[in-house]
Amino acid sequence: MTIRTRFAPSPTGYLHIGGVRTALFNWLLTRRHGGTFVLRIDDTDAERNRPEALQPILDGFHWLGIDWDEGPEVGGPCGPYVQSQRQHLYVEAALKLIDSGHAYPDYKSADEISAERKEAEKAKRNYIYRGAHRSTPPAECRRLYDAQRTVIRLKVPEGKPIVINDLICGKVEVQPELVGDSVILRADGRALYNFATVVDDVAMKITHIVRAKEHLSNTPVQVLAYEALNYPVPQFAHVPVVNAPKSKEKLSKRKMKQFMTDDVVQRLRAAHAVPPDWTDEQIKNSEDLNPATVAFYRVLGYLPAALVNYFGRLGWSLDDKTEIMPLATMIENFSLERVNDSPASFDPDKLLWMAGEYMKQLPIDDKVAGVIPFLRRANLIGDEVDDALRRKIRKVIEACGDRLKVYSDVYLYASFLFRDPEYDPKAVKQRLHKDGIREHLTAFADVLKTIEPFEPAVLEEKLKEYCDARQFKLGDLNHALRVATTGVMVGVSVFDGLAILGRDETLRRIGTALGLNM
RNA sequence: GCCCCCAUCGUCUAGUGGCCUAGGACAUAGCCCUCUCAAGGCUAAGACAGGGGUUCGAGUCCCCUUGGGGGCACCA
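From a predicted model like this one, the values you see are computed outputs, not experimental measurements.

A. How the structure looks around the overall build of chain A. The helix and strand inventory of chain A stands at 22 helices and 11 strands. Taken against the 2.2 N^0.38 rule, which gives 24 Å for 518 residues, the C-alpha radius of gyration of chain A at 31 Å runs more than 25% over that of a compact globule. A principal-axis box enclosing the C-alpha atoms of chain A has dimensions of 105 × 45 × 40 Å. Taking all 518 residues of chain A together, 50% fall into the buried category. Across chain A, the fraction of contacts at a sequence separation of at least 24, relative to all contacts at a separation of at least 6, is 74%.

B. Examining the side chain of T150 more closely. Residue placement: T150 occurs in the loop between α5 (138-147) and β4 (151-154). The exposure class of T150 is buried, given its relative accessible area of 10%. Of note is the side chain of T150, whose polar atom sits 2.6 Å from the backbone oxygen of D106. Setting aside its immediate chain neighbours within four residues, T150 contacts P105, D106, Y107, Y145, L185, R186 and A187.

C. Representation of the protein's contact with RNA strand B. Of all residues adjacent to RNA strand B, which total 65 residues, the nearest are R117, R186, G315, R403 and S493. Considering RNA strand B, the proportion of its atoms within 4 Å of the protein that are sugar or phosphate atoms stands at 71%. At 3.0 Å, a side-chain N or O of R338 approaches a phosphate oxygen of RNA strand B. The separation between a base nitrogen of RNA strand B and a polar side-chain atom of S493 is 2.5 Å. Only α4 (110-122), β4, β6 (170-174), β11 (344-345), α13 (348-361), α20 (474-486) and α21 (494-501) provide two or more residues apiece to the surface near RNA strand B. Sorting elements by how many residues they give to the surface near RNA strand B places α13 first, with five residues. Of the residues assigned to the surface near RNA strand B, the class counts are 18 nonpolar, 16 polar and 31 charged.

D. Up close: the pattern of salt bridges. Per the stated rule, a full pass over the model turns up 41 salt bridges. For the salt bridge of E281 with K257, the shortest nitrogen-to-oxygen distance reads 3.4 Å. Note that E281 is positioned in helix α9 (residues 280-284) and K257 in the loop between β10 (242-243) and α8 (262-270), a separation of 24 residues in sequence. On the basis of relative accessibility, which here comes to 43%, the residue E281 falls in the partly exposed class. R394 is paired through a salt bridge with D365; the nearest N and O atoms lie 2.6 Å apart. Of this pair, R394 sits in helix α15 (residues 387-400) while D365 sits in helix α14 (residues 364-377); the two residues are 29 residues apart in sequence, bridging distant segments of the chain. For R394, a relative accessible area of 32% gives the class partly exposed. One connected set of salt bridges, linked through shared partners, spans R6, R40, D42, R86, D200 and D201.

E. Local environment of the nonpolar core. In this structure, F61, Y297, F346, I393 and F418 are the most contacted members of the largest nonpolar core, which totals 91 residues. In terms of residues, this core owes the most to one element, helix α1 (residues 17-32), which gives eight residues. Residues A103, Y145, A191 and V198 belong to the second largest nonpolar core, which totals 39 residues.

F. Fine view of the packing of helix α6 (residues 193-203) against helix α7 (residues 219-228). The interhelical angle for the contact between α6 and α7, taken along N-to-C directions, is 50°, at an axis separation of 9 Å. Taken together, the axes of α6 and α7 lie oblique to each other. Crossing geometry of α6 relative to α7 is assigned as right-handed. Packed against α6, whose contacting residues are Y193, N194, T197, V198, D201 and V202, the element α7 presents V221, Q222, A225 and Y226 at the interface.

G. Quick peek at α13. Compared with the 20 Å implied by 1.5 Å per residue over 14 residues, the 20 Å span of α13 between its first and last C-alpha is a close match. Among all positions in α13, only P348, L351, M354, A355, G356, E357, Y358 and M359 are buried. Those residues of α13 that are buried lie in contact with α10 (294-299), α11 (304-312) and α14. The opening residue of α13 is D347, an N-cap whose side-chain oxygen sits 3.0 Å from the backbone nitrogen of D349.

H. Looking closely at the pairing of β6. Bridge count between strand β5 (residues 162-166) and β6: five bridges; the pairing is antiparallel. In the strand pairing of β6, I162 is matched with V174. The hairpin turn running from β5 into β6, its antiparallel successor, is three residues long.

I. Local environment of the environment of L507. As for its position among the elements, L507 is in helix α22 (residues 503-514). Between the C-alpha atom of L507 and that of L58, which follows or precedes it by 449 residues, the distance is 50 Å. If sequence neighbours within four positions are ignored, L507 has contacts with A445, L448 and K449.

J. Structural context of the environment of I162. Structurally, I162 can be placed in strand β5. A C-alpha to C-alpha distance of 7.8 Å links I162 and L224, two positions 62 residues apart in sequence.

Each value, and the rule that gives it
Residues numbered from 1 in each chain as written. Chains lettered and ligands numbered in written order. Predicted model: local features only at pLDDT ≥ 70, side-chain atom pairs only at ≥ 80, totals over all residues. Heavy atoms only, no water. Helix = DSSP H or I, 4+ residues; strand = E, 2+ residues; numbered from the N terminus. Rg over C-alpha atoms; globule rule 2.2 N^0.38 Å. Buried < 20%, exposed > 50% of the residue type's maximum accessible area, 1.4 Å probe, protein only. Contact = heavy atoms within 4.5 Å. Polar contact = N/O pair within 3.5 Å; in protein donor to acceptor, adjacent residues only side chain to side chain. Near = heavy atom within 4 Å. Nonpolar A, V, L, I, M, F, W, Y, C, P; charged D, E, K, R; others polar. Salt bridge = Lys/Arg side-chain N within 4 Å of Asp/Glu carboxyl O. Core = buried A, V, L, I, M, F, W, Y, C linked by side-chain atoms within 4.5 Å. Axes fitted to C-alpha atoms, helices over the stretch in contact; angles between N-to-C directions. Parallel < 35°, antiparallel > 145°, perpendicular 65-115°, else oblique. Left-handed = near helix turned anticlockwise from the far one by under 90°. Expected span 1.5 Å × (residues − 1). Pairing = 2+ DSSP bridges.

Okay, here's the thing in structure tokens:
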């Protein structure tokens, strides 16, 4: 039997990290077994559905390299893959259930029910709803419904427990008297999630439903729907939710706000990932560029392979040691048995570490190609990249070395190589206002005029010579050179930096720095 | 309130009754390297929620307690 799985996001405008992890598990399982992965858009709730909200989700998957065999863009034999276009199927199925005695129309108003529910809550009684027509004969139910449309409810059969054999949670039993007769179709014919998803999963021949644990409580109703429709119940695997960092609560945008640091805001601005007139506060409250979304990591220049590896390891493990593994290894070895039973907290620190590991392994040419869009967006380079510029970028990347964990790190370490320094007053005060620095900087500038070739190793040698001869602390002059030429205290090696700047530019900047009145 | 699920270092995890004096990774701290920042090397600190069973033997199986999470919709 070949397996068929699906991921069914609702179009919210962004791809959430928790969703990606679930999608990834589905995808890995499917690729492992050579099955078919279906992407379906669950937009039954019109209020949540914005037409432009789908593309960011598809973009996110494309970027991560998670592809689907059937769904939007690619089509397939079970389409359409958008629930709003399948409404007639849900109506059809619901009517079938009325005729077979598994469902009934219900005329009690939502207000009345919620009032009863509130009352029950107040009295600390459990509220399980059963509609008036649950014992009305099917033909009569149908006559009533045809005469006056209303909501249709699924009739929960009493007597035997509902059993779910979950691939991750094991056997879960629920007593039917604890499950209310839930609405499957609204009066206007729109289906509810619990019903639409079953009808679609049946129509799309889904064999394995891998989804977040929060759906486990919905599952009994869905199982009843399968049984009522007389379809085989698929395999369920409820994966534990992803929690917020160092937290026991589900990951949410609000919980991630603390990771919108000033550094992040600066990078987002530099990359022009947000409108220039936004305030810091607006950026920090952004809906789609939030540390709980995939797009956030994309605009900061995380490598997609690192995200896939990280999320693949969140809640699943290969063995007792392996952290970094090629995608092929993950696919070959993925199994639901090794998915943890308990929730896992998302750890941005570990993700960043992993991003660095992937960046280290990336061939230099790929790094150059990858960093160019980031330089461009920040206006550090223009649209044209000629050979000379490409060589320079290559040198910059080499100089950055392992400092570059994500592409936006280039802003931090190497911006000065593409534009004039922005002198940080603190750096100037600390490094340029020391005793003797001005004199030595001036004198060493004369040395720089004669250095040949103007390359890192030679520069380093000459600086050492200069300092040794005058018994001056090498570090002090070095730091001064850095601040004079870059404006800041952190960056690539001073010698690499000077060599890339070139002699004339280096001397010009030292001159500027010496004239600085800060 | 009711139902369901979960429980190993701060975090991700290994552990499927003896291989466990509980292993690895991130983060943390110290030292080394060093022109800053990274990277790298070495070291340290750090966990079986508690209580009962079962067993020759329990992190591992069972029960209870506690703690946490999710759900109880004409949301998905």
